[in-house]
Every structure is written in structure tokens, then in C-alpha cells.
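Summary of structural features
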Amino acid sequence: MLAYIVRRLLYAIPILIGVNLLTFALFFVVNTPDDMARMQLGVKRVTPEAIEKWKAERGYDKPLLYNGAADGAEKVTSTIFFEKSVKLFVFDFGRADDGRDIGHEIRTRMGPSLAIAVPTFVLGLFVTVSFALLLAFFRATYLDFWGVVVCVAMMSVSSLFYIIGGQYLVSKVWHLVPISGYAGGPDAMRFLLLPVLISVVAGIGSSTRWYRTIFLEEIGKDYVRTARAKGLSEPTVLFRHVLKNAMIPILTGVVVVIPLLFMGSLLVESFFGVPGLGSYTIDAINAQDFAVVRSMVFIGSLLYIVGLLLTDLSYTLVDPRVRLQ
Amino acid sequence: MSLLRVESLRTFIDSADGTLRAVDDVSFDVSSGETFALLGESGCGKSMTALSLMRLLPDAGRIAGGRVLLDGCDLLALTEAEMRQVRGRDLAMIFQEPSTSLNPVLSVGRQIGEVLSRHTPLRGDAAKRRAVELLDAVGIPDAPRRLEEFPFQFSGGMKQRVMIAMALAGDPRLLIADEPTTALDVTIQAQVLELLGDLQRSRGMGMLLITHDLGIVGQLAQRVGVMYAGQLVEVAERRAFFERPRHPYSQKLFAALPRPARRGAGLETIPGSVPSLAASFAGCRFAERCAHAWARCRSEPPSWHGTDAGHGVRCHLYAPGAAPVDRAGAALPATPERDDRQPVPAPLLEASGLKVHFPIRRGLFKRTVGQVRAVDGVSLGLTSGRTLALVGESGCGKTTAGKAILQLIRPTAGSVRFGGEELTALGGERLRRLRGQMQIVFQDPYASLDPRMRVGDIIEEGMGALKAGAAAAERERRTVGLLERVGLSGEMRGRYPHEFSGGQRQRIAIARALAVEPRLLVCDEPTSALDVSVQAQILNLLRELQASLGLAYLFITHNIAVVEYLAHEVAVMYLGRIVERGSAAEVLGDPKHPYTEALLSAVPRLDAQGQRPLIVLRSDLPSPANPPSGCHFHPRCPRAMPQCARDYPTETRLDDTRRVRCLLYG
Amino acid sequence: MMPVVLWTDALVFLLIACAAGAGFYVGRREYLLASWRRVGESRAGMAALTVLLAFVAVGLLDSLHYRPRLDVAAGKPGGGYSTEVRSALDALLLPLKAATEKTYSAPLATHLYAKETVELPDGSQARLFPRLKHGGAHLQDAEAKWGRDVALRVLRGLALAVLCGLTFAALAAQLAARHWGIGRLAAWRRIRRGETRIAWNAVLATLAVLLLIAGPVASLAGGYHVFGTDKVGQDVLYLTLKSIRTGLVIGTITTLAMLPFAVALGIAAGYLGGWVDDVIQYIYTTLNSIPGVLLIAAAVLMVQVAIDTHPDWFATGAQRADARLLALCLILGVTSWTGLCRLLRAETLKLRELEYVQAAQAFGASAIRVMGRHILPNVMHIVLIAVVMDFSGLVLAEAVLSYIGIGVDPSTISFGTMINTARLELAREPVVWWSLLAAFVFMFVLVLAANLFADAVRDAFDPRLAGRRAALREKTA
């Protein structure tokens, strides 16, 4: 068991290195810092001096991989690769292209992101699993049929419309909560309600349908017939036997995203003006701030790998076959 | 008054091909303390009958009519809530596949406790004590500890015992056992059948036993009902049924069984296949395949005719006034068997010291910490025109041995000489050319043909892979020839495998192997997925091909009856090693090794005389990853001596052909 | 005019060629035909397919590009070609495209949505809603005649639709009658009652609904802006129709781009195992671990930089926008092949143990041969299901990405750019709702049809579902 966890952790290292090399290639090799400078400064009026100045301010004026001009260890460390990519491994994100400390931004913006993402995740999982159980319980009836129809229809609506429509109806027409904005403390509730609600509703269609398929697959298995042959009632069969087995495939998809909740939601945060990591990312993309995007790529990958590890661990909680072998 | 009375039960299943009449007017009854066996081939509706009694049909199924009276109470008239009171308390059921029928994530104790809390007033410690009693009763050692364990920690036989314990927890008056031992090995089957018989006698339960195996019927049942195409065609006392089956279908079932007495002769077969249950029948459902059918059989469905006490048949032959017919099947002419004492030519295949080990990797860096010794020193020889049966239970390594001989799995050690060439040393092109001379026929006719290829392409595949250059027209001519050779017609080559029945598919698989003109055919359980009547067709075909082409067969099987019928020589395998080998007559007639003895005694026999006293083996097959010290068999051996735990016995030559590995003979 | 084949056009044509080839292949294989026939039996599936084909028709028209010849009068010697690339759809919708207003106008309006200071004929100035240049410009007295005119046009459109519908019905009955060798009326009754193998009645009903909508819209579009105009006065109907091609291209070309990788790598990883498997698993775990949006953002930004710094690569703006569209497809492909690859690897692992594969190995067949002849045909149904299921997701993804600013070029008309420019309009007073609603309706219909069709295909090709489906049909019937 311990060896298993350690092996998974070790396996994460080459993946992180791979991610790092890939982003490095994408950000510095495919397009040179010169290109970036030209883009930031505007293609039209750009002088070589302005480019050099821009690069020097942000530390992009060093060689990519090997600095022949420096001495000793600096030949390797005083390079873009070391400064910008290797340092990510120790969570040294450096400064954004606008000069702000990325690490600090990430720390302060994590809170609002989690304040939206965690309730959304918990509520969403509860609602969709309940709906799916309901449909599975009434399988092959009109309720199930129309439930699936509604799910497919809800899946077919772009999440943009959920947000725009929700904001319009709830905030503009009914004036129930503020359209956007964010505040800490007890006031946060008013601002969080709508984004959480919209995110949950937007996810109902596809998740419910997916969980329903899983439940139906489990219901078709032999052990369910055995349970019924004991004289157990249908709800008992569903909750005691089916649900526990269905949790195994459900966990595969769900646990992996838990660490990624830190990253927040791009769309919701940007629409509702929440100062989280999601809107930070969008702003960085729009401002073409490569330093921030690079840092977010690294954090995202790291969290994903943590998610994979958590998934493996969660199996041991629900599946005795994994736990005891 | 009988415990269970089923009256004209009809169960329909809605499918894409229309409504299947899976159970069509079935009536029978079962008394307390009696075992009634429903016998039939796959798809005859026997399992659907059982599920209808429990009202546990699949979503597409529905009961269309009839009555099911349990102690006079009509189960079909109960509400679902009332029916749930009956299930598990009055009526319990065990299923065919113990490995999927238990909930994998709940402990065994919880799954048994569920029945107790549903149907008995027992709770808490009292319930736990009762669960321990139940596990004891079904012969699970160390019950208090095992209650906490999960199904995957039990072996197949033990799981089936847990299923039985669960079924008994509500103290049912009638137990339905749906093919309870089909998924188990012969020695385990013997244990479970004995247990079921004992429990049924001691509790005075009624038992409805569903099976396809005449041997099990003979061992366990008091009365028998034979089902064909959704209907009961014959009901009789066991003795009367075995002495003189009346329905032509029942007669054929007996005649198609491979038996030593039929060695050298062809087996009787039933032509054609079971009709689709979606069809509506004008006459008798068996008429198309019946040797005795006449015009009336095709135009008028036969009604039920009682003959002697308790014996009834659904057949026009027994209608009052029907002309008496010769009801015994015509004996097939015996083809002379090859003389066993011909001068033995040089062996075609010789394997010695063959080992296949799979590494077990564990720990941080997946280091190899052990070996699964799937095949651990197997030596055997085979000459052209002869059949060597490699016999053993599942997990003993017989299939792996077969594949290692063909070099489909590269052996870890040992030598395989084929026609004088050492195969283990060969590679690349030379091995490829030799592959044409040794082919394999697999167990599952549904998995062994590529569903996306036409039959003609399947058969030509080998020719293409091995004998590139043959002209297309020439290949096609040969394909037609091969199809006809295995009893199919040439125009079938344009069709796809799903259009064929299991038996026809197995014929195609044989034709595919023959296409490259092999000298050795490894048959890996080629008939174990087939019904008895179809098995007979395939065995006949294999015998005939051997006689005309001089093929050597390495016949891998667990079915002793087939071995008795077909094999010239027998090698018995246990945990990766051959424990006994010799000519078929020697090994099967006078087994020397205690394992062989136990194996043979566990096979249910039709005739009481042939039945050896049952030797029930203790416990299960150990894991080949961690075999017992000394003789691998000693923990289960009824005749084990202290030294058996220390030394692995060397091979003892009893005579020219006979070898055994046992310290009793050392 | 000078025909122009944009990169995406070429790929669209390639896709059509592939589809035709696949159709030919399927037609000769009974087991595949049987599955497709099951799709044909599904009413919802066939209705969805009809809607999809209508969208595809619009998209194809919009994929035939050309550069119109400039008027010689424009002064160039010998005449040149405009740098503006047009499509056949543009030519068809030229009146709509050209009929730009000053700014917002509501659907079917005759006046602008915003008050303007207008100089009246008598020289005085007034703030009022000025008349539109094109919408309802043919009416002398807009207030009095508007209702009558609109009603008349709707009726005319409906009549046309009914006429077309009847023609179709008659044609169908005629063909069916010939096929079965029975009378036309009897054939029509059979079609109507759904007594046909393929759900023709669903197709015809959907077609009728489409015609009944399209007829009045087309008729009205001759004189009005049916869906109004947007901020810069462009006709919203024209914009939504133009958006269709972008959605279709993203949904299909992306899949086409990633398919070879996913299939080849998935099968190779599953069948060959060993280090090949390790490497392929490493690659897709690494790619998967980068959050998709960020990888897309990074790649799109890179492409953007490359395009911006090399303006000389492209002769026209359309070609530049097209390059970015293609790049987006490729990038989406790179991020989305891992899912299918993993599915195929798992399936191949199962197939590898099957006896027919071992039988081929017993003949000494090479790994390539086994993968090509035995594995590939037996995983194709998974590939097909994945392709149709992915389509709707990609269409939705385009909108989100374009909204974030890493989607298509801002000059490319797409649902995403439409929503992006219109998203603040709901905050206006009074509310401008029509652009969003038009984008919503078209996108919803397209994605819903794709989802329903994908369900039908999955049901027909996934053998595990076959039994359950029959049961469900019986119970719900």
C-alpha cells in the first residue's frame, strides 16, 4: 500500500518534467522572446532597443539553455530555462509581465475561487447523483424517459447561456442578488449564491445522464438479482447494493477534479467579477501575459497529478478488492 | 399435497426479433423433501422457468399466464410487497455464477445478515451467531473470521457455499438451484452436490434443480422434467427415466453422451438446432429434428400423455392408438479403431521439462518477487494419428502448456521437439513456416472467429499468412472443399460468423485450422461450451478427421467422459505438473495416483455400477504462485504420508507406457 | 471570379470524400449495414439527422469560396480580383449581407432601436427613431401597412412551404410505391404510420417543420431584418447562418485531425504493450495533465504571435482567419485525442486476449497484420461513437473559447464571437435580446440534434446496450 503510493508519487516526477519541457518549448522555442516583446509592444512601432529593454526588464534577455558568458554553475543557472522553468518546481513563480508577484496573487486569489468551486462541487455531486438515482429507480417509465430528454436538452445549452440567462433573470429582472462582484466574510453569501446555483444547474444534464448509465449498468448485474432474491425492497437494493458499487466508476471521474477546484472556474469567475484564479487566468490570457499562463499550466498539471493519486487512494476506501490486496 | 405446483406457466420475453415464448405452457409439481430436476440444453427455457417462480424476470420478460402455487398460495397473484415476503423466506434461489452473484463490496457476514434481518427476528449477536452456524453448516471452516471477509477472498467453490448459506438463512421450504455447479471444477462440483443433497435431506426442503447434466440429475434428483424449446416434453421418476426415456429427444440426449462403451463408434447426434422461440409452432417443436416424426407431428401439437405412474410424455407416439414404433435409437455401425499395438512410429511431438513461469512483480520498483509456476516441468510425447488427452481442473496449467508447445507463449525452460526440430530455438521465418503444421482449436466458438470477417476470409487467413502466392481461385476452391469437409456448405463462405450456431462456428474454426494442412492439432476444450447433442457432432467430426488425415490431437479438457470416448493416451495435470500418464484404458480403468482417483470418482455417472465411491477432496486447488512443499497434492490427498510434505516424488515407471509421480509407488 | 480553396475547405471536401468512401465500405458489409439500419429505425435519430443535414447543407454552401472580379471601372487595368473572399452562401444572401443598418434594430422592425437626432425635411431637428435603410423600406406608411405586409409575407412563405412539403411527400410516396410495387396512396399510408424499416415519417415530419419555419423566414427576409440587426447594423440572420460553418468545421475537422493519432497510438499501446505502451501512456498522461483550456490558450497565443509577426503569409484576411481556425482545430485535436486513445487501448487489451487474435498469431501473422485486420475493424464502432459524441462538445467548446478570446479569429463569424459581442446587450436599457436569442436557438438546435443523433448511433453500435434498448422500448411503448 505504502509502496504503491510512493510509486505513484515517483511516477508523477517524469510527468511534471514532461509538462515543464512542453511548456518551455511552447513558450520560448516556438516563439522567441523577441516575438513576445514585439507583440506586447505592438507590431507597428517597435525598435530593437525597445525590445531589448522589454526583455531585460523581465529577464528574457538570457540565453535559452546554456549561458557561455557566465561562470561556473551560472552557465546553467543563469538561463531562461533555469530561471523561468526549473524554478517552478520549488513554487518560485517569479513576476508577471506587469511586474506583480505571481505567487502572492495565487495565494490571495485561491480563497474566492474555492468559495465558489467547493460548494458547486459538493452541491452538484449531491444533486446529480440524487437525480440519477431517481431516474434509475423509475427506469423504463415515463419519468425516466422524460428525465433523459430533459437531460439531453440541458446538455445542449452552452454554459455561456446559463450564465447570461441566469444573470439576466435572477439579478436584472427579479433583483434577487447582485449581478456580479465579490466580498469576503458573511457578505460573500449574497455574491456566491447565483454563481454556485448556475454552475450546478449547468452541470446537471450531462452528469445526471452519465451517472444514470452507470447505475443502470450496475442494476443489470447478477448480484442485484441475488439481492432481490433475498426479498429486499427496491430502495434497499438501490441504496445498499447498487450505490456502493456504482461509486467506484463515479469516483474515477469525480475525485480527479477535486484538487483542480483550486483553479476556479474561468467562465463563472469572469462573468461574475470574482477575483479568483479563474478570472486571473482569463485576464492573463487576454493580456497575453505568458509568465502567468506558464505558472497556471504548471499548477494545473500538478493538481491533476495529485487528483490521480487521490483517485487511486479513494478506491481503497470503497473497494475492498483494492484495499486488501 | 405438493409443496409447489406450477400450472401452465407462460413467460414471454420481448426482444428485437419479436416476442420469445421462453416458457410456454409448463406444468409440474415438487413435494417437500423431494428434488425435482429440470433438464434441458441451453436456451430451452429452464432458467426462465425458475426466474418466473421467483418473479425476478429481466426487464424485458413478463409472465403471460398460468399459476404458481406454493402451499396453495398463488405467487403470481401476490402484490410485489407480498412477494418480497416470500422471496428468501419461503422460496430461495442460488445461481450459476457464484463469482458475480455476490456483491463484491459487502462483507459475506453482511450479505447473510441481510436475509436474517429481513425474514427473522434475529438481530445483533444472535444474528451473528446464526450466520456462523450457517457457514458451518455449508462447510466453511473458521466461520467467525470469514464472516468479516469479502467475496473476492473466497474461492469459486467457497463462494457457492456462501450463496447456499445465504439461501438457507431464511429457512426456505423450497430451494431453487440454477445450474449450481456449472461454473465449478469436477472435484469442487462433487463437494457442492454432496452438500446440497445432505442439506435437502436433513431439512426436508423441496428442491428444484436446474441443470443440463444428466449425471447430476442421476446423482441428486428423485424426479426429472425434460424441457425442449420452452416446453416440458417428459416428466418421470428418475429410475424410470434412466432405464427407459420415452420422448425421442430424451432418448437422443442419452445416445449423444460420449461413453467408453462407444469408443470407436460414432456418437448419435441430433440433426439441426433448437428452433427459435420467436416462431409460432404448428406441430411438435422437436419434429424437425426427430427421427420418428410423421405428418401429424408437423401439423398438430402433441398433447400430454401419461404412461405409467408419474411418467408423462408430450409426444404423438404415445397417443392412444398410435402405431407402436421402434423407440430405441438405431445403433451406429462401429468403425474399426486403429490397433493400439501397431508399431509405434517416431513421435511427432516431444516435450520435455517444459516450464512456463510468469513473474510476480511487487513493491516500489516492481521487482520480481516470485514466479507463478503455471507449467512446471511437463514432459509428454505424441505420435501421428493418436490423441493425447491433457486432463486437469481449471488453473492447473493445461491451456498454458498447450500454448507453450505451439510457441504462442514462449516457454521459460525445457524443450519442444516437433518433427525433429527444436521449436524453442527457432524464431522468425523458420518458426512461421512450421506453424502451418501445428494448429489450435479454441474453447469458445463465439470468441474464436473474428466477427468482422466473412467465413471465407477467416479460412483463407492462414493460407494467406503462411503460403503466400497461391492464386485466389485456387484458394477459393480449397475453402469450399474445407467447408464441405467439416460438414458445411461451400456457399456459406460469404456469410459472417454471427449467422451461425455454436456448433457450426466450431466447425468453421476446425476448417480454419485444417486450411494450412497441420499434422498436430491442439484442441483446447473444443466442446465445453457446446450442448451435449452438438458436442457429439464435433467429436464425431474430430474422430473422422483423425482417421482420414492421420492428425495428432493434443486434447486439453476437464471432461472425463470425452476423454474416455476419444483419447488413446491420457496425462493428468495438477498444479503445473503431470502426475500420471499412460494409455487411456490404464489410467481411466485403474488410476494409480490419488488425485486421478479422486478426479474420476467425482464425475457423476449415469449408471450406478460405474460409480466409484466418491472421494471428496478437502479444500481447494492451491495457488500455483505458492505451491505446497513436497508433493503439491499432499494437503488434499486422502492417502498422504508424512514424507509427502517433504519430497516431491520423482516419476515412477510402472510399465512401458505408464508413469506416475507419487511416493506410494516410489 | 476566382475560386479560392481555403485550408478548411480542402479538409471539408476531404471529409466528404472520406464519408463517401466509408459509405461505400459500409454498403458492402452486412453487419455494418445492420447497425446503420438500427440508426434508421430510431425516430429521434432520423429527425436529428434531417436537422443536421440542413445545417450541413448551409455549411457546405458556405465552404465554396471565391474572390469576385472587381469592376473594371474601378480603375485597375485588365481587372483584378477583390481581396474579399466570398462564399456561395454569401452570394445567395447578398441582399442580407449588404443590407446593413446604422446600429441595432429589433426583429422585423422598420425603425432603428435608438433615438437619433435627425434633421427633418423642414430643417428642424428632432430626436426620434429614424426609418431603417433596408428593413421595411418598401413601405410608404410603415405604421399603417406594417402588420398587413408582415402577415401577407408570412402567408406567402407558408404557402410556399406547404407546396414544397407536398412535393416532397408526393415524391416520397412515388418512390416508395415503386419500391414496394403498390399504389401511391397505400405507400403513403405505410410511410405515415411508420410501417417502414427506416423512420421515414420522422424525416418527413422534421422536414415539414423545417419548411414551415424556413418558408416564412425566407419570405420575410426579402423585406425585413427577421432577427434584427446588431450593434453595427449587420443582419443577425445572416450572422447566424454564417456561424453554422464555423461550428461544423470545428466539430468535424478537429476529430479528423486527431483520429489517426488516437487510433494508431491506442491500438499500438494496447496490442504491443511493453515499452511502446509505457511511452504512449506517458505521452497522454502528460498531455492530459495540462488543463485543456490553458494548453489551448498557450498554443493559440503562440499561433497568434506567429500569424501577427508574419502578415505576408496570407493574401487575404479570410485566409488569415482560416489559418487561425485550422490551428484551433488542430490544437483542440491535440488536447482531445487522449480520451479516445485510452478507450481504444483498453478495448485492444481485451481484444488481444480473444481467441481469434490468438488464432491469427498461431498462423504467424505479423503484429501489423493482426492490428489492421482483426483489431481495427473491431474497435471501429468505438471510434464512430466517440466521433459523433465529440461533435456537440466541440461546438459548445468553440463558443466558450471564443468568449475567452482564444477561439476563432474575431473577424470569423461564429456562435462564440456572436455571443461575445452581444453578451453585454442584456445589461442595456432597453434590453437588446435578439442577437443572443438567435445565437442561442441556432446553437441549441444544432447541438441538440447532434446529441440525439449521437445517442441513436451509440445505441445502434454499442452491443452492450442492445438488449436494454429493446426492453426500454417495450416498456415505454
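Everything numeric here is computed off the predicted structure, so don't read it as measured data.

Focus on empty space enclosed by the protein
- Inspection of every chain in the model, using the stated rule, returns 5 cavities of 30 Å³ or more.
- In this structure, the largest cavity encloses a volume near 90 Å³.
- T226, A229 and K230 of chain A together with G88, A92, M93, V115, M163, M166 and A167 of chain B are the residues that line the largest cavity.
- Among the secondary structure elements, those contributing two or more residues to the lining of the largest cavity are α10 (222–229) of chain A together with β6 (91–94) and α7 (156–168) of chain B.

A few points about the sheet that holds strand β19 (residues 520–524) of chain B
Residues and elements named next belong to chain B.
- With mixed pairing, the 8 strands of this open sheet are ordered in space as β18-β19-β20-β15-β21-β22-β24-β23. The two strands at the open ends of the sheet, each matched to only one other strand, are β18 (438–441) and β23 (652–653).
- One ladder, built from 2 bridges, connects strand β22 (residues 577–583) with strand β24 (residues 659–660); its direction is antiparallel. Residue E580 lies in a different strand from β24, and its bridge partner there is V660.

Some details on the packing of aromatic side chains
- Scanning the model with the defined rule gives 21 aromatic pairs over all chains in all.
- Taking the centre distance of 5.2 Å and the plane angle of 85° together, the rings of F145 of chain A and W146 of chain A count as edge-to-face.
- Their ring planes at 55° and their centres at 5.4 Å tell us that F241 of chain B and F254 of chain B sit as a pair that is tilted. Separated by 13 residues along the polypeptide, F241 of chain B in helix α10 (residues 238–243) and F254 of chain B in helix α11 (residues 248–256) bring together distant segments of the chain.
- Site record: aromatic cluster; members linked through ring pairs are F161 of chain A together with F440 and F444 of chain C.
- Here the basic side chain of R146 of chain B rests over the ring of F154 of chain B, its NZ or CZ set 4.1 Å away from the ring centre.

Describing the side chain of Q358 of chain C
- With respect to the secondary-structure elements, Q358 of chain C resides in helix α13 (residues 355–362).
- Here E353 of chain C takes part through its backbone oxygen, which lies 3.4 Å from a polar atom of the side chain of Q358 of chain C.
- Once you skip the residues sitting within four places of it in the chain, Q358 of chain C turns out to touch K403, L408 and F442 of chain B together with R352 and E353 of chain C.

Thoughts on the packing of helix α6 (residues 102–137) of chain A against helix α9 (residues 188–219) of chain A
Residues and elements named next belong to chain A.
- Across the interface, α6 lies against α9 with an axial gap of 6 Å and an inter-helix angle of 40°. Crossing handedness for the pair α6 and α9: right-handed.
- The residue makeup of the contact of α6 with α9, split by class, is 21 nonpolar, 7 polar and 1 charged.

A few points about the interface of chain C and chain B
- Listed per partner, the contact involves 24 residues of chain C and 32 residues of chain B.
- The contact between chain C and chain B buries some 2,500 Å² in all, and 56% of this surface belongs to carbon and sulfur atoms.
- Counting the surface chain C buries against chain B, the share from its top three residues, Y31, E355 and F363 of chain C, is 31%.
- In this assembly, chain C and chain B are joined by 0 salt bridges.
- The tally of links between chain C and chain B comes to 11 residue pairs in polar contact (both at pLDDT 80 or more).
- Those elements that place two or more of their residues in the side of chain C that touches chain B are α2 (30–41), α13, α14 (367–404) and α17 (463–476) of chain C.
- With 7 residues, the top contributor of residues to the side of chain C that touches chain B is α13 of chain C.
- Considering only residue class, the side of chain C that touches chain B consists of 10 nonpolar, 6 polar and 8 charged.

Focus: the side chain of T285 of chain C
- For T285 of chain C, the location among the structural elements is in helix α10 (residues 274–289).
- When residues no more than four places from it in sequence are discounted, the contact partners of T285 of chain C are Y11, I15, Y304 and L308 of chain A.

Some details on the domain arrangement of chain C
Residues and elements named next belong to chain C.
- The domain architecture assigned to chain C consists of domain 1 (7–63 + 243–476) and domain 2 (96–221).
- Taken together, the two surfaces of domain 1 and domain 2 that pack against each other cover about 1,400 Å², and 68% of this comes from carbon and sulfur.
- By the criterion of area lost to domain 2, the three top residues of domain 1 are R43, T50 and W434, representing 39% of everything that side buries.
- The interface formed by domain 1 and domain 2 includes 0 salt bridges.
- Across the contact surface, domain 1 and domain 2 share 5 residue pairs in polar contact (both at pLDDT 80 or more).

Observations regarding the pattern of salt bridges
Residue and element names in this part refer to chain B.
- Applying the stated criterion across every chain, the model contains 64 salt bridges over all chains.
- Where E34 meets R223, a salt bridge forms, and the shortest distance between an N and an O atom there is 2.7 Å. Of the two residues, E34 is situated in the loop between β2 (18–30) and β3 (35–39) and R223 in strand β9 (residues 223–228); the sequence distance between them amounts to 189 residues. The pair formed by E34 and R223 is uniform in burial state, with each residue classed as buried.

Describing the pairing of strand β5 (residues 125–128) of chain C
All names here are of chain C.
- Bridge analysis of strand β4 (residues 116–119) against β5 gives 4 bridges, and the strand direction is antiparallel. Counterpart to T117 in the pairing with β5 is R127.
- Where β4 hands over to β5, the hairpin turn is made up of 5 residues, of which G123 adopts a positive phi near 95°.

Thresholds, definitions, all that
- Residues numbered from 1 in each chain as written.
- Chains lettered and ligands numbered in written order.
- Predicted model: local features only at pLDDT ≥ 70, side-chain atom pairs only at ≥ 80, totals over all residues.
- Heavy atoms only, no water.
- 1 Å grid on protein atoms, 1.4 Å probe; cavity = no way out; pocket = protein on both sides within 12 Å on 5 of 7 lines; lining within 4 Å.
- Points joined across faces, edges and corners; volume = space filled by probe spheres on them.
- Helix = DSSP H or I, 4+ residues; strand = E, 2+ residues; numbered from the N terminus.
- Pairing = 2+ DSSP bridges.
- Phe/Tyr/Trp six-rings, centres within 6.5 Å; stacked < 30°, edge-to-face > 60°.
- Lys NZ or Arg CZ within 6 Å of the ring centre and 35° of its normal.
- Polar contact = N/O pair within 3.5 Å; in protein donor to acceptor, adjacent residues only side chain to side chain.
- Contact = heavy atoms within 4.5 Å.
- Axes fitted to C-alpha atoms, helices over the stretch in contact; angles between N-to-C directions.
- Left-handed = near helix turned anticlockwise from the far one by under 90°.
- Nonpolar A, V, L, I, M, F, W, Y, C, P; charged D, E, K, R; others polar.
- Buried area = accessible area lost by both parts, 1.4 Å probe.
- Salt bridge = Lys/Arg side-chain N within 4 Å of Asp/Glu carboxyl O.
- Domains from an automatic or database assignment.
- Buried < 20%, exposed > 50% of the residue type's maximum accessible area, 1.4 Å probe, protein only.

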